[in-house]
Amino acid sequence: MEFKHEYNSSGGRYTTAADGVVAYISYSRTSPRLIIIDHTEVPDVLRGKGIGQALAMHAVEEARSGGWKIIPLCPFFQSQLATHPDWRDVIA
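Note that the structure is a prediction, hence the values are computed from the model and not measured.

The strands that make up a sheet pair up through hydrogen bonds in the backbone, lying either parallel or antiparallel. The sheet built from five strands is open, its strands ordered β1-β2-β3-β4-β5 with mixed pairing. In the strand order of this sheet, the two ends are held by β1 (4-8) and β5 (69-72), each with one partner. Sheet twist, expressed as the mean angle between neighbouring strand axes with direction ignored, is 25°. Along the sheet, helix α1 (residues 51-66) makes contact with β2 (11-18), β3 (21-31), β4 (34-41) and β5, crossing β2 at roughly 140°. Where helix α2 (residues 75-83) meets the sheet, it contacts β3, β4 and β5, and its direction lies at approximately 115° from that of β5.

Grouped together as the largest cluster of nonpolar side chains are 22 residues, with contacts concentrated most on Y14, I25, I37, I70 and F77. Taken together, the elements giving at least two residues each to this core come down to β3, β4, α1 and α2. Broken down by element, this core gets its largest block of residues, six residues, from α1.

The next point concerns unusual backbone geometry. When glycine is set aside, most residues are seen to have a negative phi, and most peptide bonds are trans. In this model, D19 sits at a positive phi of 55°, which is unusual for a non-glycine residue. Structurally, the position occupied by D19 is in the loop between β2 and β3.

Calculation notes
Residues numbered from 1 in each chain as written. Predicted model: local features only at pLDDT ≥ 70, side-chain atom pairs only at ≥ 80, totals over all residues. Heavy atoms only, no water. Pairing = 2+ DSSP bridges. Helix = DSSP H or I, 4+ residues; strand = E, 2+ residues; numbered from the N terminus. Axes fitted to C-alpha atoms, helices over the stretch in contact; angles between N-to-C directions. Contact = heavy atoms within 4.5 Å. Core = buried A, V, L, I, M, F, W, Y, C linked by side-chain atoms within 4.5 Å. Buried < 20%, exposed > 50% of the residue type's maximum accessible area, 1.4 Å probe, protein only.

Here it is as structure tokens:
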């Protein structure tokens, strides 16, 4: 799965597309070392294909490689976190 990163000084989102339909996970940046994941959007046509989970995992990998922490406000991301205790290292 290919991911794109759209961002500005206050936040951004990671996107991916399947069958021409875009899904994303968005964040706000509170400091150079802290982001708030606030929303995950997977259109109905893409649900059940693991795309939301892949976006969440990509955000965790980006946090690890970038050396920042995540505040998880998005309910979907929180549900994924409950099943992935190995992500706790990047949670603020």
